[in-house]
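Below, each chain spelled out in residue letters.
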Amino acid sequence: MRAQSLPHSQSLVRPLVENLCAYVPGEQPKIKGLIKLNTNENPYPPSPKVIEAVKAAVDDRLRLYPNPTADLVRERLARLHGCRIENIIVGNGSDELLALATRGFVEPAVRGKAANSRSLIQFFTPSYSLYPVLASIHGAEVNPVPLAEDYSILIGTPQMPPCGADLRSAGSRNLRFRGHPPISEQSSGIPERTRKTWKSDAALTFITTPNAPSGRGYSTAELDALCQSHQGVIILDEAYVDFAHENAMSLALKYPHVIVARTFSKAYSLCFQRIGYFVGHPALIAALHKIRDSYNVNGLGQVAAAATLADLSYYRANFKRVIAARQRLTDELTQLGFAVAPSQTNFIFSKPPQFPAETWLQRLRDKKVLVRWFKQPEIKDFLRITIGTDAEADALLRAIRKIL
Ligand SMILES: Cc1ncc(COP(=O)(O)O)c(C=O)c1O
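Residues numbered from 1 in each chain as written. Predicted model: local features only at pLDDT ≥ 70, side-chain atom pairs only at ≥ 80, totals over all residues.

A.B. asks: Explain the overall build of the protein chain to me, using residue names and the numbers behind them.
C.D. replies: Of the regular secondary structure elements, the protein chain holds 12 helices and 13 strands. Every one of the 404 residues in the protein chain was classed for burial, and the buried ones make up 42%. Sequence-distant contacts, at least 24 apart, represent 73% of the contacts inside the protein chain between residues at least 6 apart. (Helix = DSSP H or I, 4+ residues; strand = E, 2+ residues; numbered from the N terminus. Buried ≥ 20, exposed ≤ 12 C-beta atoms within 10 Å, placed from the backbone. Contact = placed C-beta atoms within 7 Å.)

Okay, structure coming up:
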């Protein structure tokens with residue numbers, strides 16, 4: 001959105017907001033025939049039963065406020081995860097809840113005062129680019145901690161001394177992208193000047209697991225060890241977990257300071273309805289209920305989410321299709337000279353051959369295929385490609401062959 005200047009000499013907007021770099025969402029272009037592989041949407045539609053339920057709800061009840069606590073959705077989620085509804089809060093997308101967590105658990109930093117862990121928001125880099133924006137909006141301090149070159153969590157190293165044990169399995173140091181030299185043969189990890197130390201007392205820590213944009217998954221065991229050594233609130237952001245080998249929901253029910261964030265946007269084909277949720281200790285969840293909008297989850301969204309939870313077998317079949325398409329795309333792109341990171345998500349992160357990734361973005365766009373490129377220096381050589389249908393994968397591969 002273009003900033004318009006006001007006809008006053010003095011700004012009416014808070015300096016923090018004036019100076020804010022807002023989050024940039026993936027493009028939603030209206031180009032006919034475009035193959036859209038840039039925002040990790042699900043290529044398959046919601047279940048017919050969900051569409052039916054939403055259509056049936058478009059009636060006189062639109063004049064009424066929806067249930068303020070999304071009770072039916074929470075009841076079905078509680079049954080799914082084997083917990084109580086007091087462990088759950090539903091939001092207008094998980095983004096809303098991530099923002100609520102900053103307001104609920106983090107003190108804004110006071111200018112001129114020494115840094116304080118109560119004001120600290122911590123996250124790995126690269127990971128979900130919304131976290132630093134939420135921290136800026138809240139006026140919090142940030143501690144971005146670089147992941148290793150293979151996107152593993154460096155635990156038990158000088159970057160993260162508090163965790164004690166080195167949890168990386170012996171093999172993971174040599175984990176490599178297909179078609180790429182082993183990580184150990186490349187430059188040795190994190191540049192000294194960007195090293196930051198993991199702070200186990202940070203008020204709020206976000207961990208994207210599996211990671212975005214790399215697609216790398218983390219084991220519950222390594223996340224468990226990280227949570228154990230931590231005092232502040234940890235949010236395990238499992239937006240893509242339905243496409244992964246394992247999930248860490250048990251940790252949200254085991255530790256009082258751990259929350260698992262989930263969304264209906266990716267695996268459940270429901271971006272349009274904006275539904276996400278947190279599972280965590282009732283005390284943390286109650287705190288967030290206190291500060292959310294009274295009717296934060298729209299009525300049709302609640303209907304769609306409840307119907308989704310009543311038809312999970314439809315979605316589980318789709319996860320399998322996406323995972324199979326991910327394997328096929330990984331294999332074919334590798335053959336074409338792309339270096340593809342192993343993915344446990346509904347996208348792949350890959351370094352294209354011959355031209356810079358930004359050039360590929362443009363050339364693919366010219367051929368009506370839209371993928372995502374990030375200009376941050378540490379990931380600027382990569383493209384993030386959402387897994388689409390088989391036909392979309394065919395079109396992408398055809399476009400790539402023509403470009404090559
Ligand atoms: C890691 C991660 N967390 C959360 C979200 C937000 O999901 P929602 O659509 O539920 O707000 C996204 C969306 O792209 C994401 O990538």
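Next, the rest of the story.
A.B. asks: Account for the sheet that holds strand 6 (residues 233-237), naming residues and giving values.
C.D. replies: As summarised here, the arrangement of the seven strands in space is 2-8-7-6-5-3-4, forming an open sheet in which the pairing is mixed. Lying at the two open borders of the sheet, with one neighbouring strand each, are strand 2 (88-92) and strand 4 (141-146). Between one strand axis and the next, the sheet turns through 20° on average, direction left out of account. Pairing analysis gives three bridges linking strand 3 (residues 120-125) to strand 5 (residues 204-208), with the strands arranged parallel. (Pairing = 2+ DSSP bridges. Axes fitted to C-alpha atoms, helices over the stretch in contact; angles between N-to-C directions.)

A.B. asks: Explain the pairing of strand 2 residue by residue, including any values.
C.D. replies: The element strand 2 is extensively covered by neighbouring structure, given that five of its five residues are classed as buried. The pairing of strand 2 with strand 8 (residues 275-279) spans five bridges and is antiparallel. By the bridge assignment, Ile-88 is partnered in strand 8 with Val-279.

A.B. asks: Just give me the short version of the site of the ligand, but keep the residues and values in it.
C.D. replies: Around the ligand, the surrounding shell holds 13 residues, and the nearest of these are Gly-93, Asp-95, Ala-239, Thr-263 and Ser-265. Residues that form the shell around the ligand fall into these classes: four nonpolar, seven polar and two charged. (Near = placed C-beta within 6 Å. Nonpolar A, V, L, I, M, F, W, Y, C, P; charged D, E, K, R; others polar.)

A.B. asks: Before we move on, could you go through the pairing of strand 7 (residues 258-263) and cite the residues and values that matter?
C.D. replies: For strand 7, a buried count of six out of six residues is recorded, marking the element as mostly surrounded by other parts of the structure. Here strand 7 shows a buried face lined by Val-258, Val-260 and Arg-262 and a second buried face lined by Ile-259, Ala-261 and Thr-263. Where strand 6 meets strand 7, four bridges bridge the pair, whose relative direction is parallel. Opposite Ile-235, over in strand 7, you have Ile-259 as the bridge partner. Between the parallel pair strand 6 and strand 7, the chain is carried across by helix 7 (residues 249-254), and the sense of this crossover is right-handed. (Right-handed = clockwise from strand over helix to strand, strands pointing away.)

A.B. asks: With reference to specific residues and values, describe the packing of helix 4 (residues 94-105) against helix 5 (residues 130-138).
C.D. replies: Direction vectors running N to C along helix 4 and helix 5 enclose 45°, while the axes themselves pass 10 Å from each other. As summarised for this structure, helix 4 and helix 5 are arranged oblique, according to the angle between their axes. For the pair helix 4 and helix 5, the crossing hand works out as right-handed. Listed contacts from helix 5 to Asp-95, Leu-98, Ala-99, Thr-102 and Arg-103 of helix 4 are Leu-130, Leu-134, Ala-135 and His-138. Looking at the contact of helix 4 with helix 5, its residues break down into five nonpolar, two polar and two charged. (Parallel < 35°, antiparallel > 145°, perpendicular 65-115°, else oblique. Left-handed = near helix turned anticlockwise from the far one by under 90°.)

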